[in-house]
Amino acid sequence: MQSDIREIIENRLSRKVVSMPYGDGVVETEGGDRYFLKKGRRSAAFRCEASGLAELAAAEGINVPGAVLWGDDFILSEYIEPGRPADGFYTELGRMVARLHRRTGPRFGFREDNFIGANPQPNIAEGAEATDWAEFYYGKRLKYQLEMALGTGYFGKRVWDILYRLRETVDRMLSHVDEPPTLLHGDLWSGNYLCSTTGAPYLIDPAVYYGHRETDIAMTMLFGGFPEEFYRAYDEAYPLQDGWRERVPLYQLYHVLNHLNIFGSGYLRQAESLIGGLTR
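This structure is a prediction, so every number in the text was calculated from the model and none was measured.

## Thoughts on the pairing of strand β4 (residues 67–71)
Alignment of β4 against strand β5 (residues 74–78), held across 4 bridges, turns out to be antiparallel. Its bridge partner being in β5, Ala67 is matched across the sheet by Ser77. Hairpin connection of β4 to β5: 2 residues between the antiparallel strands.

## Observations concerning the environment of Gly94
Tracing the chain through its elements places Gly94 in helix α3 (residues 89–100). Of the residues examined, Gly94 reaches a relative accessible area of 0% and is grouped as buried. Separated by 82 residues in sequence, Gly94 and Arg12 have C-alpha atoms that sit 37 Å apart. Once residues within four sequence positions are removed from consideration, Gly94 is found in contact with Phe230, Ala233 and Tyr234.

## Quick word on the packing of α3 against helix α7 (residues 228–237)
Where α3 contacts α7, the two axes come as close as 7 Å, and the packing angle between them is 40°. By the angle class used here, α3 and α7 are oblique. Of the two elements, α3 crosses α7, and the hand of that crossing is right-handed. Along the contact surface, α3 presents Tyr90, Thr91, Leu93, Gly94, Arg95, Val97 and Ala98, while α7 presents Glu229, Phe230, Ala233, Tyr234 and Ala237. Across the contact of α3 with α7, the residue classes tally to 8 nonpolar, 2 polar and 2 charged.

## So, the packing of aromatic side chains
One pass over the structure, following the stated rule, counts 16 aromatic pairs. Ring geometry for Trp133 and Tyr251: centres 6.3 Å apart, planes at 55°, overall tilted. Within this pair, whereas Trp133 is found in helix α4 (residues 133–151), its partner Tyr251 is found in helix α8 (residues 244–263), the two being separated by 118 residues in sequence. Like Tyr251, Trp133 is buried. Centre to centre, the rings of Phe136 and Tyr209 are 6.1 Å apart; their planes meet at 25°, and the pair counts as stacked. Of this pair, Phe136 sits in helix α4 while Tyr209 sits in strand β11 (residues 209–211); the two residues are 73 residues apart in sequence, bridging distant segments of the chain. An identical accessibility class is assigned to Phe136 and Tyr209; each is buried. Cluster of aromatic residues (ring-pair linked, three or more members): Phe89, Tyr90, Tyr193, Phe226, Phe230 and Tyr231. Directly above the ring of Tyr138 sits Arg167, whose terminal nitrogen or CZ lies 4.4 Å from the centroid.

## Here's the deal with the pattern of salt bridges
Following the criterion strictly, the structure yields 16 salt bridges and no others. The salt bridge involving Glu112 is made with Arg47; its shortest N-O contact spans 2.9 Å. Taken as a pair, Glu112 in the loop between α3 and β6 (114–116) and Arg47 in helix α2 (residues 45–57) lie far apart in primary sequence, 65 residues in all. Look at Arg47 and you get partly exposed, because its relative accessible area is 39%. Several salt bridges share partner residues, and in doing so they unite Lys38, Glu49 and Asp205 into one network.

## Let's talk about the sheet that holds strand β3 (residues 34–39)
Read across the sheet, 5 strands follow the order β1-β2-β3-β5-β4 without closing on themselves; strand pairing throughout is antiparallel. Where the open sheet ends on each side, the last strands, each with one partner, are β1 (17–19) and β4. Within the sheet, the average angular offset between the axes of one strand and its neighbour, ignoring direction, is 30°. Where β1 lies against strand β2 (residues 25–29), 2 bridges are found, and the strand directions are antiparallel.

## Remarks on helix α5 (residues 158–174)
Compared with an ideal rise of 1.5 Å per residue, which puts 17 residues at 24 Å, α5 spans 24 Å between its outermost C-alpha atoms and is within 8% of the ideal. Regarding α5, the residues found buried are Val159, Ile162, Leu163, Leu166, Arg167, Thr169, Val170, Met173 and Leu174. Elements in contact with the buried residues of α5: α4, α8 and α9 (268–279).

## Let's talk about the pairing of β3
Sheet analysis places β2 next to β3, joined by 4 bridges and oriented antiparallel. What sits directly across from Glu28, in β3, is Arg34. Judged from the 5 bridges that link them, β3 and β5 form a sheet pairing that is antiparallel. Bridge assignment links Tyr35 to a residue of β5, and that residue is Glu78.

Parameters and conventions
Residues numbered from 1 in each chain as written. Predicted model: local features only at pLDDT ≥ 70, side-chain atom pairs only at ≥ 80, totals over all residues. Heavy atoms only, no water. Pairing = 2+ DSSP bridges. Helix = DSSP H or I, 4+ residues; strand = E, 2+ residues; numbered from the N terminus. Buried < 20%, exposed > 50% of the residue type's maximum accessible area, 1.4 Å probe, protein only. Contact = heavy atoms within 4.5 Å. Axes fitted to C-alpha atoms, helices over the stretch in contact; angles between N-to-C directions. Parallel < 35°, antiparallel > 145°, perpendicular 65-115°, else oblique. Left-handed = near helix turned anticlockwise from the far one by under 90°. Nonpolar A, V, L, I, M, F, W, Y, C, P; charged D, E, K, R; others polar. Phe/Tyr/Trp six-rings, centres within 6.5 Å; stacked < 30°, edge-to-face > 60°. Lys NZ or Arg CZ within 6 Å of the ring centre and 35° of its normal. Salt bridge = Lys/Arg side-chain N within 4 Å of Asp/Glu carboxyl O. Expected span 1.5 Å × (residues − 1).

The quantities given are spatial measurements derived from coordinates; they are silent on function.
Structure representation (structure tokens):
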């Protein structure tokens, strides 16, 4: 695979590769140009990542590394040399995510299915899902992940009762959502942004679709959270609707279930706690 990717890069860029990592890392070509290479098993994931980066880049004022080349088992993107966040970095990150969320679409979902981490993420809305956020979020997010968990033995037969109760919760909490479908990063945790040497924030590794913007904000609060300056700047630029904090656990459940299905039972207690709080 290593030699094949090198050959593809050299042929497509018409430049000799002088430095290439064995795993993921920086590729340098003759003349000093540098790119970032990610490799993995053959799938559509890298094509979907390139598509997601392009969708984010189309929003006004959003920094992402541009995808240069991709194939079944790799993606080569612009290399953003990392810097150290300085004063004002998280304020600008909050403003940038607010700008991202100003980009809207005609329907929920996305033109193609993609991936959330290592798992598939279905995005093709069916029927009412295209215009009803509660329908989309229940069917394409919670129900999909819980059925996947059933297949791996989590929750057992209780999953059907959980789905029934969550259906009621989703209808109660989300039926009033009247914001238009909003472009989402889709996997906005602290590992999916970086700071350049100029101090500018960049978004990486997206799982894009059009949905309710609170889902991105809820994800930022998992796994360590973002600094307070981020939330203050976001709220100043694009205030969230009343009651958004009550909806955070519902939106976090999707990501916790996804982690359960990828990484295993270490996330089961957190998932059960969220489900219990949402369905009691």
